Amino acid sequence: MDQNNVLIDIKRVSKAFPGVLALDQVNLCLRGGEVHGLMGENGAGKSTLIKVLTGLYPRDTGEILFEGEPFSLSSPQEAADHGLSTLYQEINLIPALSVAENIYIGREPMRFGRIDWKQINGDASLAIRKLDLDIDVTQPVSSYSVAIQQLVAITRALEISAKVLILDEPTSSLDLAEVAQLFKVIRKLKEDGIGILFVTHFIDQVYEITDRITVLRNGAFIGEYETQKLPRIELIAHMLGKDPETFSLEQTAGKTQQEKTKTGQTLLDVKQLERKGSMMAFDLTINKGEVLGLAGLLGSGRTEIARLLFGIDRSHKGTILLDGEETVISSPRKAISHLFAFCPENRKEEGIIEDLTVRENIILALQARQGIFRPLSGRRQSEIADKYIELLDIKTPSDSQAVKNLSGGNQQKVIIARWLATEPRFLILDEPTRGIDVGAKAEIQKLILGLSEDGLAILFISSELEEVIACCDRIAVLRDRKILSELSGEAIEETNIMQVIASKDVNQ
Amino acid sequence: MKLHLNQKNIPLLATIAVFLLIYLAGSVLYSNFFSLRVFVNLFIDNAFVGVIAIGMTFVIISGGIDLSVGSVVALAGVLAAKMMHDFGVHPILAFSICLGLGAMFGMIMGCLIHFFELPPFLVTLVGMFLARGLAFLVSLNAIPIKHPVVNAIIDFGIPLGFRAWLPATAMIFIAVTLVGIYLQHYTRFGRNTYAIGSSEQSAILMGLPVGRTKILVYTFNGFLSALAGVVYSLYTSSGYPLACVGLELDVIAAVVIGGTLLSGGSGYVAGTLIGVLILGLIQTFITFQGTLSSWWTKIVIGVLLFVFILLQRYLSKAGARR
Amino acid sequence: AKDKIVVGFSQIGAESAWRVANTDSIVSEAKSRPHIELKFSDAQQKQENQIKAIRSFISQGVDVIAFSPVVETGWEPVLKEAKRAKIPVILSDRAVDVQDDTLWVTFMGSDFVEEGRRAGNWLMENYDRLKNPDKSSDVVNVVELQGTVGSAPAIDRKDGFAEVTKGSAFKIIKSQSGDFTRAKGKEVMEAFLKSEGKKIDVLYAHNDDMALGAIQAIEEYGLNPGKDIIIVSIDAVRGAFEAMVEGKINCTVECSPLLGPQLFDAVEDLMAGKELPKRIVTNEGVFPAETAAETLPTRKY
Amino acid sequence: MSQVQWLRSENFQRMLWPLMALVGILLFNFFFTPGFFHIEIKDGRFFGSLVDIANRAAPVMLLAIGMTLVFATGGVDLSVGAVMAISGAIAATVIRPDYVKGVLEYGEVQSLFLVLSIPLFFSLLAGLWNGLLVAVIGIQPIIATLILMVAGRGIAQLITQGQIVVFIHEPFQYIGSGFLFGLPFPIILVLLTFTVTYLLTRRTGLGLFIEAIGANSIASRFMGIRERMITLSVYIFSGFCAGLAGLIVCADIKAADANNAGLFLELDAIAAVIIGGTMWGGRFTVFGSIVGTLIIQSLTTTILTRGVAPEVTLVFKAFVIILVALIQSEKFRQLFSNRMAGEKVRTS
Ligand SMILES: Nc1ncnc2c1ncn2[C@@H]1O[C@H](COP(=O)(O)OP(=O)(O)OP(=O)(O)O)[C@@H](O)[C@H]1O
Ligand SMILES: Nc1ncnc2c1ncn2[C@@H]1O[C@H](COP(=O)(O)OP(=O)(O)OP(=O)(O)O)[C@@H](O)[C@H]1O
Ligand SMILES: [Mg+2]
Ligand SMILES: [Mg+2]
């Protein structure tokens, strides 16, 4: 690699927010033709560094050189003009506009003084196919699931012919096939000499794609390493700031293999539930003290099942038996009254309430269940909030920080905390560990398993197959809005799941 | 025949359907209602409302609002009249100055909204007070405009046959609508307004020129308000400081009836055109009815508004279900 | 072929009791004449609505158009259109400012400037007689409650009053808009009293409603309306007569809203082909408090 | 919460700047309007400009209290002025049922209870109507309430037949011009409404729910917050506040003026709410709206007492309000403190 081909050189940049020193003398050096990993725990300052780089936040001190020239941006617009193409962590698209337009807005091809819609739609179809996705690009982006939206956002970033490509957790809700496709594209860009800054919490992906890694911890610069020369365990040690000896890499496989003392009691028995146009009739039983996983590809209908069970969408046919009694779950409120809880996959739109504080976000669901006239006292609120801030290790200067000021991973933890605080009987988790760092992910998985041992029934949805396998007692495999089969015990294995998904015969 | 219905267009089609329905109802109920002349009158009488409504559509799509428009119409009209009447300024020059000032007025409001992050509601409310106040300062009295050039413009028109006549003001309305459609669908400026209104944060992160677009939107609307002021003063051949009190609500109503969401991010100029015509039609209905007392007039306007909106919702739902 | 005379009437709105009485008079008079059909349209205080209404009358093909203009200017284009359609136009209550006076047939109603003059004249003639003995008549401090800023009656009534009191001992020390309403009249008078207090000798209100509101403010302030502060207002609605009987208003200048009979007489004459005078003056008076008790029962509005 | 914490809290910060603006306007008067701060006690009643301002502001304060909650849910209520007119018209008609038919004699004296409860009942109904359109049918608030804004005034005029219904009813007049504990009764009513609203929103979960709905209604629904119920109630409450304001105005001038009561007051209320620091869809402060109303009213009173020419009034008002708004804008303040801040960074 050409050592002199330095595109961006960040030197001793600091950035403070009220109560937080988000970046403390951070350095980063990105070269052309490399993929550079930016690693760190939740709240380490990765996203902030990117935002400082692209001019969204002014930096307090420090210097940034772009191709050797001092460089100071005041807005992402300028960044784009300078050839920096950025995918920010939260999916930032315009929900009301079409997929095609989202990809090209701001630099639409013009013809005779007017936007050339034909070309936009044509180009967009081609562009999106590079990621192996085949969707109608004229539909509004909001009609697609989070994963697809993420792919659209990635496509937009890739389509900007730039010198620098910055990707902040692009893969957080993608499954293996999509990730592989994305990496193919990234490698090609790399060959073209583009510098790519890549943020992720998936260690495997870092080793698969990056050339060098910069590690941040609590806003401080820890070091820059060649990926090949940095053992995984050391990388994690740098990120967490612990001695490699004190922990083992196998943290993730949290499942206590000793079979739980299964009561075998059925909590939910779903029979032939169907919603036209979104989910074909399916049966499902969910037992107390058990984690049931849903596996499947993009758009296979996992989220749809969760929404049906939580009363967000109404079913057209079929019944739900709760503790053996037929129950109609007509609204989230009804579901919550049965002690259900639902952690949605789209945290920005359906999860957090940005302007409210961390404390308020945590206690809201509990308060909603208690009703208006049994308010939680200020002290009780703080107690609950503090308990979960500690339990989930949420990084925030105080519980009265507005939740929008938290890092992505910490926002996710707030949502989990919200539902744990309601002490539910049945917990639906849709991509619960999206954007959560390795250490915390293991903690959360442990927590979930612990809760299930106490009798909580859990429906677990994740695009990370590994995680599903590690956490679940049974797994239902979906394809094309249909449950194909159910695996349990020994049969839970990656290859088995893949086989079911790939099987041609739909009639099992 | 298989109609290719895009999901997005259903509300717009529903609005058009509502318009046709009432027009039909009127034609059945009242003689002389179904005539080219009554139809063209909708464009003539509502030209100034329509011109602003086009600008307001952009403002509302960008997630803002502009309450100052009615006052700016009055200010522009009275200022132009004053310049012509008292200082003998040539009408073309007087009108141009007003258009420039209107655009500037809008731009200042846009800057306050963008740079100081003040709520549009408040800034434009202040703009409404200010413009009205300035109009009073220019003249407390209504000022007649008597100038051969103005008269020539007023008398200019295209005969359409059937005793109907398309005057300059209506042509301005139609031209502005066409320009609006072009800006909205075929320019980056237009598309950016959608982005800002749908999610300003995302628009910033996507590197769109948020500040420029926002200021431009208010500038454009200020310009169109002044243009509406010119249209209004041609329509009445005078300038009147108390003109168009409460017009902003009519305009917003027209835009919203046309299917634009007040929360920003969606809507169509074409829808607004229909919205303006629907409001005009309600009035035509009432004058043709001709026996309503003042209070029943208000109640009936309210009821008709309600019925149209219900009908529109019902039709778009029914359309979406297919 | 038509056996009825169709009259299109465009009213300003229903912004005050006076206006309502005006509408009432016209509508009920039309009802009482079997061969007249009235198309009534309320413009909600907006000129643009009036223009729309008139244009709509033209396209409906009415026989006569009558209207009370919101404002004097701005009627040229639409009146030309009416003329082209050969529909005669009658103005009521306010004149219009057009160069070509063949655009309208006749104008009936009040003269706002004249009303202001009458109020001023009455005041100058009667002040000495009514004033508190301890007040001087060398300098008389007048406060004025104006109507809606920019509206024709407000401008004209102010001008008329100013015209006749110019150079006299009567000085307007405060003048604010009370929007022709009671509530505003009360609020503004409170503020006047706060800042000028007992210095105020006379209140001139552009309509009775504001005067009635102001009376309450004066009473609450602890002064005697009609004695400590002489009150002159315009319109002569029934409420003002009641107040005059109690001695709280000293004089009100009539502005008669009962134009219905006159209007339809004119319409019928017109259709019968008679020549109408360009100006039909309404019979109006000045009512001092002394005559109030006997006039009150005859007031219709 | 300790005091220091409270001073730093977001809630206090949001109220700080409006309060400063109010103090500024009052200080101006302190120096330039003699006797402005003079409060005297006559017959156990407080008199003075400050009391007057609060008293005059009372109706708009009530509107603003209701509007604050509506605003926080991401809506707006344009119909408040019309509802004021309806409520006053009904009250006057209850007192003199046959006045509009030309009967000038009073019938039997109506009990105060009826005179108050019937108008308030219909105000609640008006609020319910708005709420149904917004929360159940899903019409955009500005249009939903515009319907009642237009039709409501028509209804009020229909009730009074466009006439000004004057009346005498001592107990009812007390609502508008009576005194209690030395203060004008409207002020007491506002204090009462404010306290109840404050307790209802801040001592229960309601306030938080309203803010949650306004900030993110989807997420709120997913959490089991009764979004529709709450939105509905908020409009009903706004209707009630408007009705109460209508009664005050009507009792104060001893007449129901359906044509003008509450005309354009919705704009004042909206301005007050925004100046007071409430966001459209999100955080709200009822106290801030009270301060906002006081700012506008002290401005109006200042204009009236200082004798600003009526034609200049609006221009003057516009400049003061925009100044008040700018002081509240963080960006604007930064502009002026930039030099200081710049130095701080350099030295650190
Ligand atoms: N606008 C802001 N205001 C205040 N604090 C902020 C703001 N943005 C970020 N922070 C704080 O800065 C720190 C770094 O946040 P950042 O988003 O950079 O973390 P991150 O490394 O991207 O974490 P994650 O992996 O969870 O996305 C966090 O403690 C966060 O709370
Ligand atoms: N391939 C696709 N083509 C068109 N629409 C899709 C596709 N995938 C998903 N969607 C839309 O996205 C929404 C969510 O889909 P679904 O619940 O099936 O996703 P999922 O199985 O949870 O997978 P993921 O959330 O990972 O995309 C649905 O409304 C569906 O219309
Ligand atoms: Mg991040
Ligand atoms: Mg999903």
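Residues numbered from 1 in each chain as written. Chains lettered and ligands numbered in written order. Predicted model: local features only at pLDDT ≥ 70, side-chain atom pairs only at ≥ 80, totals over all residues. Heavy atoms only, no water.

Concerning the overall build of chain D
Working step 1: For chain D, the helix and strand inventory stands at 15 helices and 6 strands.
Working step 2: With respect to the three principal axes, the spread of C-alpha positions in chain D is 80 × 60 × 40 Å.
Working step 3: The buried share among the 348 residues of chain D stands at 61%.
Working step 4: Across chain D, the fraction of contacts at a sequence separation of at least 24, relative to all contacts at a separation of at least 6, is 77%.
Working step 5: For chain D, the computed accessible surface area is about 13,800 Å², with 68% contributed by carbon and sulfur atoms. (Helix = DSSP H or I, 4+ residues; strand = E, 2+ residues; numbered from the N terminus. Buried < 20%, exposed > 50% of the residue type's maximum accessible area, 1.4 Å probe, protein only. Contact = heavy atoms within 4.5 Å. Areas by Shrake-Rupley, 256 points an atom, 1.4 Å probe, with all protein chains shown as cover.)

Here we look at the sheet that holds strand S1 (residues 5–11) of chain C
All names here are of chain C.
Working step 1: A sheet is described by the order of its strands in space; here 6 strands give the open sequence S2-S1-S3-S4-S5-S11, paired in parallel fashion. What marks the edges here is a single partner per strand, and that holds for strand S2 (36–42) and strand S11 (279–281). Across this sheet, the average inter-strand angle for adjacent strands is 20 degrees, counted without regard to direction.
Working step 2: The pairing of strand S3 (residues 64–67) with strand S4 (residues 89–92) spans 3 bridges and is classified as parallel. (Pairing = 2+ DSSP bridges. Axes fitted to C-alpha atoms, helices over the stretch in contact; angles between N-to-C directions.)

Details of the interface of chain A and chain D
Working step 1: Counting residues at the interface gives 29 residues for chain A, matched by 25 residues for chain D.
Working step 2: Three residues, Arg333(A), Ile353(A) and Ile372(A), lead the burial of chain A against chain D; their summed loss comes to 25% of the area buried on that side.
Working step 3: Joining chain A to chain D, the criterion identifies 1 salt bridge.
Working step 4: The partner of Glu360(A) in a salt bridge is Arg283(D), with the nearest N and O atoms 2.7 Å apart.
Working step 5: Taken together, the links from chain A to chain D amount to 5 residue pairs in polar contact (both at pLDDT 80 or more).
Working step 6: Secondary structure elements with two or more residues in the side of chain A that touches chain D: helix H10 (332–337), helix H11 (347–351), helix H12 (358–370) and helix H14 (408–420) of chain A.
Working step 7: Considering each element in turn, the side of chain A that touches chain D owes the most residues, 6 residues, to H12(A).
Working step 8: Of the residues that constitute the side of chain A that touches chain D, the class distribution is 16 nonpolar, 4 polar and 9 charged. (Buried area = accessible area lost by both parts, 1.4 Å probe. Salt bridge = Lys/Arg side-chain N within 4 Å of Asp/Glu carboxyl O. Polar contact = N/O pair within 3.5 Å; in protein donor to acceptor, adjacent residues only side chain to side chain. Nonpolar A, V, L, I, M, F, W, Y, C, P; charged D, E, K, R; others polar.)

Remarks on the arrangement of the chains
Working step 1: In this assembly 5 pairs of chains touch, with chains B and D having more contacts than any other pair.
Working step 2: Spatially, chain A is disjoint from chain C: no contact exists, and the shortest C-alpha separation is 37 Å.

Brief notes about the site of ligand 1
Residues and elements named next belong to chain A.
Working step 1: Not every one of the 22 residues close to ligand 1 is listed here, only the nearest: Lys 46, Ser 47, Thr 48, Ser 407 and Gly 409.
Working step 2: Note that an oxygen atom of ligand 1 is positioned 3.2 Å from one of the backbone N or O atoms of Ala 44.
Working step 3: A distance of 2.6 Å is found between an oxygen atom of ligand 1 and a side-chain nitrogen or oxygen belonging to Ser 47.
Working step 4: Within the complex, 92% of the 630 Å² of free accessible area of ligand 1 lies under protein.
Working step 5: Of all the elements in the fold, those that place two or more residues in the shell around ligand 1 are strand S2 (20–31), helix H1 (46–53) and H14.
Working step 6: For the shell around ligand 1, a count of residues per class yields 6 nonpolar, 13 polar and 3 charged. (Near = heavy atom within 4 Å.)

Quick notes on the coordination of the magnesium ion (ligand 4)
Residues and elements named next belong to chain A.
Working step 1: Taken together, Thr 303 (OG1) and Glu 345 (OE) make up the protein donors of the magnesium ion (ligand 4), found 1.9 to 2.6 Å from the metal. With Thr 303 in helix H9 (residues 302–309) and Glu 345 in the loop between strand S18 (340–343) and H11, this residue pair connects regions lying 42 residues apart in the sequence.
Working step 2: Using a relative accessible area of 10% as the deciding quantity, one classes Glu 345 as buried. (Donors = N, O, S within 2.8 Å, 3.2 Å for Na, K, Ca; no water.)

Examining the domain arrangement of chain A
Residue and element names in this part refer to chain A.
Working step 1: Along its sequence, chain A is carved into domain 1 (6–247), domain 2 (250–339 + 424–508) and domain 3 (357–422).
Working step 2: The centre of domain 1, based on its C-alpha atoms, is set 32 Å off from the matching centre of domain 2.
Working step 3: Facing the 21 residues of domain 1 at the interface are 15 residues of domain 2.
Working step 4: Both faces combined, the contact of domain 1 with domain 2 buries some 1,500 Å², and carbon together with sulfur accounts for 58% of it.
Working step 5: Put simply, domain 1 and domain 2 have 0 salt bridges between them.
Working step 6: At the junction of domain 1 with domain 2, the criterion picks out 4 residue pairs in polar contact (both at pLDDT 80 or more).
Working step 7: Every element with two or more residues in the side of domain 1 that touches domain 2 is listed here: helix H5 (146–159), helix H6 (176–191) and helix H7 (203–209).
Working step 8: Among the elements that line the side of domain 1 that touches domain 2, the one with the most residues is H5, at 4 residues.
Working step 9: Grouping the constituent residues of the side of domain 1 that touches domain 2 by class yields 10 nonpolar, 5 polar and 6 charged. (Domains from an automatic or database assignment.)

With respect to a nonpolar patch on the surface
Working step 1: On the surface, a nonpolar cluster with roughly 700 Å² of combined accessible area is contributed by Val23(D), Leu27(D), Phe28(D), Phe30(D), Phe31(D), Phe32(D) and Phe37(D).
Working step 2: Along the chain, Phe37(D) turns up in the loop between helix H2 (10–32) and strand S1 (40–42). (Patch = residues over 30% accessible without salt bridge, like charges linked within 9 Å, V, L, I, M, F, W, Y side chains within 5 Å.)

Examining the coordination of the magnesium ion (ligand 3)
Residue and element names in this part refer to chain A.
Working step 1: Distances from the magnesium ion (ligand 3) to its protein donors, Ser 47 (OG) and Gln 89 (OE1), fall within 1.9 to 2.1 Å. Residue Ser 47 is located in helix H1, and its partner Gln 89 is located in the loop between strand S6 (84–87) and helix H3 (99–104); the two are separated by 42 residues in the primary sequence. Note on accessibility: Ser 47 and Gln 89 belong to one class, buried.

Observations concerning the packing of aromatic side chains
Working step 1: For the coordinates displayed, the defined rule picks out 39 aromatic pairs over all chains.
Working step 2: Taking the centre distance of 4.9 Å and the plane angle of 55 degrees together, the rings of Phe306(B) and Trp129(D) count as tilted. Of this pair, Phe306(B) sits in helix H14 (residues 294–321) while Trp129(D) sits in helix H5 (residues 112–137), each in a different chain.
Working step 3: Each member of the aromatic cluster is reached from another via a ring pair, and the members are Phe19(B), Tyr23(B), Tyr30(B), Phe33(B), Phe34(B), Phe39(B), Phe43(B), Phe173(B), Phe285(B) and Phe288(B).
Working step 4: Note that Arg191(B) overlies the ring of Tyr194(B), its terminal NZ or CZ placed 4.6 Å from the centroid.
Working step 5: Over the ring of Phe284(D) we find Arg202(D), and its NZ or CZ is 4.3 Å from the ring centre. (Phe/Tyr/Trp six-rings, centres within 6.5 Å; stacked < 30°, edge-to-face > 60°. Lys NZ or Arg CZ within 6 Å of the ring centre and 35° of its normal.)

What to know about the interface of chain B and chain D
Working step 1: Chain B puts 40 residues into the contact, and the matching count from chain D is 44 residues.
Working step 2: Overall, the association of chain B and chain D removes approximately 3,800 Å² of surface from exposure, summing both partners, and the carbon and sulfur fraction of that is 85%.
Working step 3: Counting the contacts that link chain B with chain D gives 1 salt bridge.
Working step 4: A salt bridge links Glu117(B) to Lys331(D); the nearest nitrogen and oxygen atoms lie 2.6 Å apart.
Working step 5: On the surface where chain B and chain D come into contact, there are 7 residue pairs in polar contact (both at pLDDT 80 or more).
Working step 6: If you tally residues by element for the side of chain B that touches chain D, the top one is helix H6 (residues 120–138) of chain B, at 12 residues.
Working step 7: Taken together, the residues of the side of chain B that touches chain D sort by class into 33 nonpolar, 3 polar and 4 charged.

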